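# Report on the structure
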Amino acid sequence: MQLTHSENQFERKTFPITLVCDHIYFQQNIGSLFRIGEAFGVENIIFLGKDIPLTPRKINKTSRSTHLHVPHTIIEETTELTAYLIENNFEIIALEIASNSKPLKELTLPENKKIALLIGSEVDGVSDELLKISHQIVHINMFGNNSSMNVVQAASITLYEITS
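Residues numbered from 1 in each chain as written. Predicted model: local features only at pLDDT ≥ 70, side-chain atom pairs only at ≥ 80, totals over all residues. Heavy atoms only, no water.

The subject of this paragraph is the pattern of salt bridges. Once their charged atoms are close, side chains differing in charge can pair, the charge on each being opposite to the other. Scanning the model with the defined rule gives 3 salt bridges in all. A salt bridge links lysine 50 to glutamate 77, with the shortest nitrogen-to-oxygen separation between them at 3.0 Å. Of this pair, lysine 50 sits in the loop between β2 (42-48) and α2 (56-63) while glutamate 77 sits in the loop between β3 (72-75) and α3 (78-87), placing them 27 residues apart in sequence. Classification of lysine 50 as partly exposed rests on a relative accessible area of 43%. Judged by its relative accessible area of 35%, glutamate 77 is partly exposed. Salt-bridge contacts for lysine 105 lead to glutamate 161; the nearest nitrogen and oxygen are separated by 3.4 Å. Here glutamate 161 lies in helix α5 (residues 151-163) and lysine 105 lies in the loop between β5 (102-103) and β6 (115-119), a separation of 56 residues in the sequence. (Salt bridge = Lys/Arg side-chain N within 4 Å of Asp/Glu carboxyl O. Helix = DSSP H or I, 4+ residues; strand = E, 2+ residues; numbered from the N terminus. Buried < 20%, exposed > 50% of the residue type's maximum accessible area, 1.4 Å probe, protein only.)

Structure below.
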């Protein structure tokens, strides 16, 4: 028999993970990122960019109201975000296929350090400016002809690996 939300026995937990969304604008993705961020206990979501569409009625369907429970901010400028991440001593991990990326399975997490997981836009991925400040760049191995996947699915896989 399927359990209800109140009947499941999952431990409620928050991890020192900030999900950084680099110019993600599709509202279905934004809503789903709130939902997956809440499910994996992220501490915070930062949306980088101008005019991020956080209209509750449009993201509510995919977020299932989790946008009301996950702390989030908008930072408009990359330089401001970069300064924030460096000043607050985050381990900056970019999720991107790059010439110097390594498979997600090879990710090494430092102990007692906050993590900033950078995920990229639906069109351009993680910007070069953010890749340059990343301590680690990881990719998800894929075995088909396509070399990318939806940002929400990629974030889900990565958060699962980080939190398990």
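Resuming the write-up.
In this section: the packing of aromatic side chains. How two aromatic rings sit relative to each other is set out by the distance from centre to centre and by the angle between their planes. Applying the stated criterion across every chain, the model contains 3 aromatic pairs. Consider the rings of tyrosine 84 and phenylalanine 90, whose centres lie 5.8 Å apart with planes at 40°: the pair is tilted. The exposure class assigned to tyrosine 84 is partly exposed, which follows from its relative accessible area of 31%. Sitting above the plane of the phenylalanine 90 ring, lysine 114 keeps its charged end 4.7 Å from the centroid. (Phe/Tyr/Trp six-rings, centres within 6.5 Å; stacked < 30°, edge-to-face > 60°. Lys NZ or Arg CZ within 6 Å of the ring centre and 35° of its normal.)

On to the environment of serine 99, then. Mapped onto the elements of the fold, serine 99 is located in the loop between β4 (91-95) and β5. Residue classification places serine 99 among the exposed positions, given a relative accessible area of 83%. Considered as a pair, serine 99 and isoleucine 137 are 38 residues apart in the sequence and their alpha carbons are 9.5 Å apart.

Locating asparagine 44 in the fold gives a position in strand β2. Judged by relative accessible area, which is 14%, asparagine 44 ranks as buried. Apart from the residues within four sequence positions on either side, asparagine 44 is in contact with Ile17, Thr18, Leu19, Pro71, His72 and Thr73. (Contact = heavy atoms within 4.5 Å.)

As a further point, take α5. The end-to-end C-alpha distance of α5 is 18 Å, a good match for the 18 Å that 13 residues give at a rise of 1.5 Å each. Of all the residues in α5, the buried ones are Val151, Val152, Ala154, Ala155, Ser156, Thr158, Leu159, Ile162 and Thr163. Structurally, the start of α5 carries an N-cap: the backbone nitrogen of valine 152 is 2.7 Å from a side-chain oxygen of asparagine 150. (Expected span 1.5 Å × (residues − 1). Polar contact = N/O pair within 3.5 Å; in protein donor to acceptor, adjacent residues only side chain to side chain.)

In this section: a nonpolar patch on the surface. Taken together, the side chains of Tyr25, Phe26 and Val123 define a hydrophobic patch exposed on the protein surface, amounting to about 300 Å² of accessible area. By the secondary structure assignment, tyrosine 25 is in the loop between β1 (15-22) and α1 (27-39). (Patch = residues over 30% accessible without salt bridge, like charges linked within 9 Å, V, L, I, M, F, W, Y side chains within 5 Å. Areas by Shrake-Rupley, 256 points an atom, 1.4 Å probe, with all protein chains shown as cover.)

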